[in-house]
Each structure stands twice: as C-alpha cells, then as structure tokens.
Amino acid sequence: MSETRETPLAAWHKSHGASMAPFAGWNMPIQYEGILAEHAHTRTGASVFDICHMGQFMLEGENAAEKLSLAVTHNLDTLREGRCRYGFLLNERGGVLDDLIVYRLAQDRFFLVVNAACAESDFAALSARVPGMVRDISPEMGKVDLQGPKSIEVLEKLLGQDFHSLGYFSFRECEFQGKPLRVSRTGYTGELGYELYPPRDMTEALWCALLDDPRVKPAGLGARDTLRLECGLALYGHELDTEHTPAEAGMGAMLSSTAPYVGHEHAGEIRKQCLIPLALEGRRTVRNGDSVTLPGSGEVIGKVTSGSFAPSLGHAVALAYVDKEYAHHDAFSLLAGRSSLPAARTDLPFYKKGTARIKFN
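Residues numbered from 1 in each chain as written. Predicted model: local features only at pLDDT ≥ 70, side-chain atom pairs only at ≥ 80, totals over all residues. Heavy atoms only, no water.

A. Molecular detail of the pairing of strand β6 (residues 84-90). Burial analysis of β6 places five of its seven residues in the buried class, which makes it a mostly covered element. Bridging between β6 and strand β7 (residues 96-106) involves seven bridges; their strand directions are antiparallel. Bridge pairing links L89 to D98 in β7. Hairpin remark: β6 followed by β7, antiparallel, with five residues in the connecting loop; positive phi at G94, about 90°. (Buried < 20%, exposed > 50% of the residue type's maximum accessible area, 1.4 Å probe, protein only. Helix = DSSP H or I, 4+ residues; strand = E, 2+ residues; numbered from the N terminus. Pairing = 2+ DSSP bridges.)

B. Representation of the packing of aromatic side chains in the model. The tally for this structure, following the rule as stated, stands at 10 aromatic pairs. An angle of 65° between the planes, with centres 5.5 Å apart, marks the rings of F57 and F123 as edge-to-face. Of the two residues, F57 is situated in strand β5 (residues 55-60) and F123 in helix α4 (residues 119-129); the sequence distance between them amounts to 66 residues. Residue classification places F57 among the buried positions, given a relative accessible area of 0%. An aromatic cluster is defined as three or more aromatic residues linked by ring pairs; in this entry it consists of Y103, F111, F171 and Y197. (Phe/Tyr/Trp six-rings, centres within 6.5 Å; stacked < 30°, edge-to-face > 60°.)

C. Geometry of the pattern of salt bridges. Taken as a whole and assessed by the stated rule, the structure comprises 15 salt bridges. With a shortest N-O distance of 2.8 Å, K143 and D145 are connected by a salt bridge. Of the two residues examined, K143 and D145, each falls in the buried class. A salt bridge links E239 to R228, with the nearest nitrogen and oxygen atoms 3.0 Å apart. (Salt bridge = Lys/Arg side-chain N within 4 Å of Asp/Glu carboxyl O.)

D. Representation of the nonpolar core in the model. L146, F163, V183, Y194 and L196 are the most contacted members of the largest nonpolar core, which totals 28 residues. Sorting the residues of this core by element identifies β4 (46-50), β10 (144-147), α5 (151-159), β11 (171-176), β12 (179-184), β13 (193-197) and α6 (203-211) as the ones contributing at least two each. The biggest single contributor to this core is α6, with five residues. Excluding its chain neighbours within four sequence positions, the residues that come into contact with F163 are I152, L155, E156, R172, C174, V183 and Y194. (Core = buried A, V, L, I, M, F, W, Y, C linked by side-chain atoms within 4.5 Å. Contact = heavy atoms within 4.5 Å.)

E. Structural view of the sheet that holds strand β9 (residues 134-136). Pairing within the open sheet is antiparallel, and its five strands lie in the order β6-β7-β8-β5-β9. Here the strands that pair on one side only, and so sit at the sheet edges, are β6 and β9. Averaged over all pairs of adjacent strands, the angle between their axes in this sheet comes to 30°, without regard to strand direction. Strand direction decides the pairing type here: β5 and strand β8 (residues 109-114), joined by six bridges, are antiparallel. If you follow F57 over to β8, its bridge partner there is L112. (Axes fitted to C-alpha atoms, helices over the stretch in contact; angles between N-to-C directions.)

F. Quick look at the sheet that holds β13. Taken together, six strands build an open sheet; the order of strands is β11-β12-β13-β10-β4-β14 and the sheet is mixed. The open sheet has two edge strands, β11 and β14 (216-218), and neither has a second partner. Strand after strand, the sheet turns through a mean of 25° between neighbouring axes, direction not considered. On the sheet, helix α2 (residues 35-44) packs against β4, β10 and β14 and is oriented at approximately 120° with respect to β4. Packed on one face of the sheet, α5 meets β4, β10, β11, β12, β13 and β14 and runs near 40° to β13.

Here's what the structure looks like:
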C-alpha cells in the first residue's frame, strides 16, 4: 500500500483543529468549524482551500501547441496567451481519462493542472502523446484557492494590484514576498475566486497572509464538494470517467477543437446514458452508486454519481447517469438504502446566484 502524502499545509491544518481524511492518496482537511458554516462563508465572504494535492505539469518545446492539440480536447487555436481553458484528456473510445485546465503561457509553452488521483496516469499519457515535452512540476509547487464574493478585495489588498480587469478564465503573473505567483481567475465553487500557484516553500506564508485578513476563513474538501455540486460542476470519478464521453456528461458543447485529438471520433457520441440533474423534496440525500428507477416500476435505469443536501437551497440535489431513452422524463425515484425518494429533473446550475462570472466595469 502506498504511503498517504501530505501537503505543505498539513501541520497547519492539524494544529488548527481540522478533521483530516485520505483523499486521492493525500491526507486532506475535510472541515474546520463545519461544512455548513464553511459553505455559507464561501457563498458570502471569502474562504481559502488547500488544493496542493492537484497535479501540475509544464509542457513546452518546438511546435508544442500543435502537438498538444492532438493530445487533449482543448481548442488551442483560439486560446490566447494569458488565458486558460477547461477540457479533457480522452482515451481512444472517447472516454474521459481526466478533466484538466490548460494555461497558455506563450506560443509553445503551456501549464496544465490535473486531478490528484489521475496525475500519474495523466503524465504517462501525455508523455506518450507529446514525448520529451512534459515535465511534472508538482513537487515544486503549491496551490491555494481563494474563493467567494469578497475574494477580489482580499487579493487586491494582499498583492497591491487591481484585479478588476482580470477576466474569467484569465491569469496574471505576479509576485508575493519576492517570489513568483500565478493568479488565475478560476475556481470550483461557482463564486468569484482565484486559484493561486506559489512555489511550494512559499505556500504556508501565502496561506497565513490570506488568513490574516479578517474576511477570510479556511474551508475543507467537504464544503468544496457541496459548493461544486450546487453549481453543477463535475467531479472526476463521479460524473466523469473512462466509460462515458464528454457529450454523455452534458459537455459536448465544449468540444470545439477541430484537431484530430485522441478520441475525437467518439467524444461527441451519446451511446447509452446521459447525465441529468435532479432535485429532491427534502433534506434527505442519496450517494454515489445509488440506483435510479422510474416511479412505480422498480426498473433500474441509472445510477447516482453525486448527491448531497444543498445548503444554499434548503433541499437535496443529485447528478445521475440514466439510460438515454429516459433522460427527458420529468420524474424519477432514487433508492437510498430501503427508501425510495422522489426526484424531479431540473436544470443546471442548481444554485443560480453564483458570482464566478461577474463582470466588473
């Protein structure tokens, strides 16, 4: 059994009472004062999340853009320097090996951020597809996410810069205490926020400097999960996996690249199932793997991928894959243990008041 790894902030988390648990091979903070409190504070104030477990790669070299465009679904023809884009690394059948963000640093220089559980296999796949150009810089880097409506005020005070001109899915190279700091207007909460990439040895100093602001509190992976689910954001291993295409996950519109990338022939196919959003009537929720049936029939037509009480909404929500012939039905039953819970198809995002895409004058 491989040893559970720890981020540069692990000692801080433990000394400040965080509840820790294994996640994707890492010992991570799940909560501090409580998931509900941390969720609410992120929706109204500003929270910091330790995301140092994520994989970080550099990819550069002659014709790197052309070669990378054959490896991932991202449309690099329209990706300008200073911008980043979400997309997928696929297998030959169009199944999702991982979802990742690609940052364009220069014409043939890219920064990639991948999921912790997939980092090793992603590196192997990219190294095979773009040989000699990929370097794993994860051991050198940290990652701290500052999220919430007040995050811009906190960031501007800390770095002494105006970030109102930094648009959604744009980034800027900055400095913190004389060291390089990449600031990206991205996140996983549905709120205005920034993903911060310091050198690994500066991670704790940045974390503590952010928390010196009274508007900022720490939040764990528990709140991160409820926040992302309310906004309908996919989680790898739940909504995204090697058995489903991006189109089946409801992300076919993102497949704008015309390059013949690996899996492009099948990426837009809806073969058997569709991912649908469901609203439940009360607080009781379902879990990943629970069965989806049609009311009154008992016939299993799908599986829940994610389910949780949605604190911002006051009731439970879920995402589920169902057989495509039933995807447009309005009513379903979800089996939670011995109980059958009624659920209605709805629209994403579940929570519609998020500030992530806010535009500043």
